[in-house]
Structures are given as C-alpha cells and as structure tokens.
Amino acid sequence: MNIFMLELKAKLRSVLIWSASIAAMILIFMSIYPGFSKQTELLNQLLANFPPQLLVIFGMENMNFSNILGYLGLIFLFCQICLAIQAANYGFGLVSVEESERTADFLLAKPVSRTKIMTTKLLAALACLTITNIVVWVSSFVCLSLFSNGKGYSVNSLVILLLSIIIFQLFFLSVGLVISLLLKRIRVVTPFSMGLVFGLYILNAFGSMIGEKSLEIISPFKHFDPNYILKNSAWDLPLVLISVTIIVISVPASYWLYARRNIPSAV
C-alpha cells in the first residue's frame, strides 16, 4: 500500500484547482498593468487621500504603483491568502479526513507505524504545496515578462519574495495539523482553515491600524509582508524566525499528538 501515492491522488484535483486559480488571478491582474501604469501618478495621489486604516487593511500602505513590482506586491497579498487557505486545508485534513470518514482504523491496522504514516502524509502534502508553489513562480515571471512594458525590475527582490512562500505555506500546514490533533473531531476542514487564515490576516491588519506591534508579530502576514520584502530586498529576519520557530515546534508536536491519539472505530 503506497500511502504517498494515495495521498497525492486524493489531493490532485485540489492542487489543480488551487494552482489554476492562483495563476489565473496573477494573469488577470497583471494584464491590467500596461494601461494601469500610464496613470500611476494620479492613482498614487488618489490613494494618498484614502484613510490610512483602509490602506492598511488591504496592504496598500507605502505602495508605489509606478513600479511593476510594487503592483505585484498588491496582487501577492491575495496570493498569500489563497496559499494560506490551501496549506491550512491540507493541515487540518491530514488526519481528520480519515477519522471523519471512518477509515483511519483500517489504515492503522496495516503493518505501518504511526510515525511512518504521518511522515508519508506530510511529504505528500508538501509535494502538493510545492506544485502550487512552482505554478506561482512560473506565473509571476511569465506575467512580469509579458506586461512590464520593457521596464526592468529587481529579479533579486522577486526571488526573495517568492522564496517566502515556502515558510509561509509550512506555517499554515503545521499549525493546522496541530490544531486538528488537539480537537476531538473535525468533520469539515474549510471553516477551520478559513477561520485560521482570515483570523491571522485581520489580526495583522488590526494591529497595524492601532499600532499594536504585539498583535502584528503573531501573524505570518506581517512576517512576510510583500511591501517590506520588495522594498528592502530582504526578509524581516526577527519576524521570520517567529514563523520558523512555530513550525519547528508544531511538526514534532504533531507526531507526539498523533502517536497518542485515540482513533475512532468504524463501528
């Protein structure tokens, strides 16, 4: 029984939908830029008159639309939300889906340790997220080449921004997995993943609005702020280390919780 291939096959439709949706979103928004770039000065003046709180909520503060990477930074925020929901879905569903479908005891009856089951499932989830990650990379570079109007951009800044996806995805995958193992049963993963993602997004926006740094640093949306990365061509390392620490704690905790979890029987 190849658990890895079974997991990949089960998630294949999901991966295709998420990947195609994110690629389409990048393509549609970037295709607007050539016409959009002719009026960037007027738009920047217009945004200057918007309430700062509104700009913070949509991640548009200190954004320069005269640069195509600045425009991509706005789009990337929406990509992050999609990537986070996908990763959280896989985290919450890694164990809970089989429990809700009453097939977990059948799997555990096989001569395979729980550690190996968890490892294989995690590798399959990571493979699926990597596919989506690659699609985002390809879509970003292709769209920038097509719609940059021949203007140059910092490839280094773009690469650093795209590399942030890896840790960003791992954060929501691992946190979703831990929460699912702490709960008795999850019948539908979407409400939990949406709650986690938008809860952390709102926490970041609310913290920025009121100037409360202690709220912002909890959210990975602050750790991997596209505006900061593109402006500085670097990550905010102290904040990134918070995400890395949470991942490093969450993954071993997931193994420990799964090893001691009571799996409901199918009867």
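Keep in mind it's a predicted model, so treat the numbers as computed, not measured.

1. Focus on the overall build of the protein
At step 1: Across its full length, the protein carries 12 helices and zero strands.
At step 2: Secondary structure elements of the protein, listed N to C terminal, follow the sequence α-α-α-α-α-α-α-α-α-α-α-α.
At step 3: Counting across all 267 residues of the protein, residues that qualify as buried make up 46%.
At step 4: In the protein, of all internal contacts separated by at least 6 residues, the share reaching a separation of at least 24 is 79%.

2. Here's the deal with helix α7 (residues 155-182)
At step 1: For α7, built from 28 residues, the straight-helix expectation of 40 Å at 1.5 Å per residue is met to within 8% by its first-to-last C-alpha distance of 42 Å.
At step 2: For α7, the buried fraction is high: 20 of the 28 residues fall into the buried class.

3. Re the packing of aromatic side chains
At step 1: Within this structure, the stated rule accounts for 10 aromatic pairs.
At step 2: Look at Phe 92 and Phe 192: their rings are 5.8 Å apart centre to centre, the planes differ by 40 degrees, and that puts the pair in the tilted class. Residue Phe 92 is located in helix α4 (residues 68-100), and its partner Phe 192 is located in helix α8 (residues 190-210); the two are separated by 100 residues in the primary sequence.
At step 3: Feature note: the residues Phe 168, Phe 171, Phe 172, Tyr 201, Phe 221, Phe 224 and Trp 235 constitute an aromatic cluster, connected by ring pairs.
At step 4: Against the face of Tyr 90 rests Lys 11, its NZ or CZ located 5.6 Å from the ring centre.

4. Focus on a nonpolar patch on the surface
At step 1: Taken together, the side chains of Ile 134, Val 138, Val 142 and Leu 146 make up a nonpolar region of the molecular surface, amounting to roughly 360 Å² of accessible area.
At step 2: Relative to the elements of secondary structure, Val 138 occurs in helix α6 (residues 114-147).

5. A short note on the environment of Tyr 71
At step 1: Residue placement: Tyr 71 occurs in helix α4.
At step 2: With relative accessibility at 5%, the residue Tyr 71 sits in the buried group.
At step 3: Among the polar contacts listed, one links the side chain of Tyr 71 to the backbone oxygen of Phe 29, at a separation of 2.6 Å.

6. Observations concerning the nonpolar core
At step 1: Among the nonpolar cores identified, the biggest contains 64 residues, and Met 30, Phe 172 and Phe 221 are the most heavily contacted of them.
At step 2: When contributions to this core are tallied by element, the ones reaching two or more residues are α1 (3-36), α4, α6, α7, α8, α11 (226-232) and α12 (237-259).
At step 3: Apart from the residues lying within four places of it in its own chain, the contact partners of Met 30 are Ile 68, Tyr 71, Leu 72, Ile 75, Cys 143, Leu 144 and Phe 147.

7. Description of the packing of α6 against α7
The angle between the axes and the distance between the axes are what describe a pair of packed helices.
At step 1: One can describe the packing of α6 onto α7 by two numbers: an axis separation of 11 Å at closest approach and a directional angle of 150 degrees. Here α7 runs roughly antiparallel to α6, going by the angle between their axes. Between α6 and α7 lies a crossing of right-handed hand. Of the residues in α7, those in contact with Met 118, Leu 122, Ala 125, Leu 126, Leu 129, Asn 133, Val 136, Trp 137, Ser 140, Phe 141 and Leu 144 of α6 are Val 155, Leu 158, Val 159, Leu 162, Leu 163, Ile 165, Ile 166, Gln 169, Leu 170, Leu 173, Leu 177 and Leu 181.
At step 2: Residue composition of the contact of α6 with α7, grouped by class: 20 nonpolar, three polar and no charged.

8. A few points about the pattern of salt bridges
At step 1: Within this structure, the stated rule accounts for two salt bridges.
At step 2: Residue Glu 7 is joined to Lys 11 by a salt bridge in which the shortest nitrogen-to-oxygen separation is 2.8 Å. Taken together, the positions of Glu 7 and Lys 11, both in helix α1 and four residues apart, correspond to about one turn of that helix.
At step 3: Residue Glu 7 is classed as buried on the basis of its relative accessible area, which comes to 10%.

How each quantity is defined
- Residues numbered from 1 in each chain as written.
- Predicted model: local features only at pLDDT ≥ 70, side-chain atom pairs only at ≥ 80, totals over all residues.
- Heavy atoms only, no water.
- Helix = DSSP H or I, 4+ residues; strand = E, 2+ residues; numbered from the N terminus.
- Buried < 20%, exposed > 50% of the residue type's maximum accessible area, 1.4 Å probe, protein only.
- Contact = heavy atoms within 4.5 Å.
- Expected span 1.5 Å × (residues − 1).
- Phe/Tyr/Trp six-rings, centres within 6.5 Å; stacked < 30°, edge-to-face > 60°.
- Lys NZ or Arg CZ within 6 Å of the ring centre and 35° of its normal.
- Patch = residues over 30% accessible without salt bridge, like charges linked within 9 Å, V, L, I, M, F, W, Y side chains within 5 Å.
- Areas by Shrake-Rupley, 256 points an atom, 1.4 Å probe, with all protein chains shown as cover.
- Salt bridge = Lys/Arg side-chain N within 4 Å of Asp/Glu carboxyl O.
- Polar contact = N/O pair within 3.5 Å; in protein donor to acceptor, adjacent residues only side chain to side chain.
- Core = buried A, V, L, I, M, F, W, Y, C linked by side-chain atoms within 4.5 Å.
- Axes fitted to C-alpha atoms, helices over the stretch in contact; angles between N-to-C directions.
- Parallel < 35°, antiparallel > 145°, perpendicular 65-115°, else oblique.
- Left-handed = near helix turned anticlockwise from the far one by under 90°.
- Nonpolar A, V, L, I, M, F, W, Y, C, P; charged D, E, K, R; others polar.

Note that all results are geometric; they support no functional claim without further evidence.
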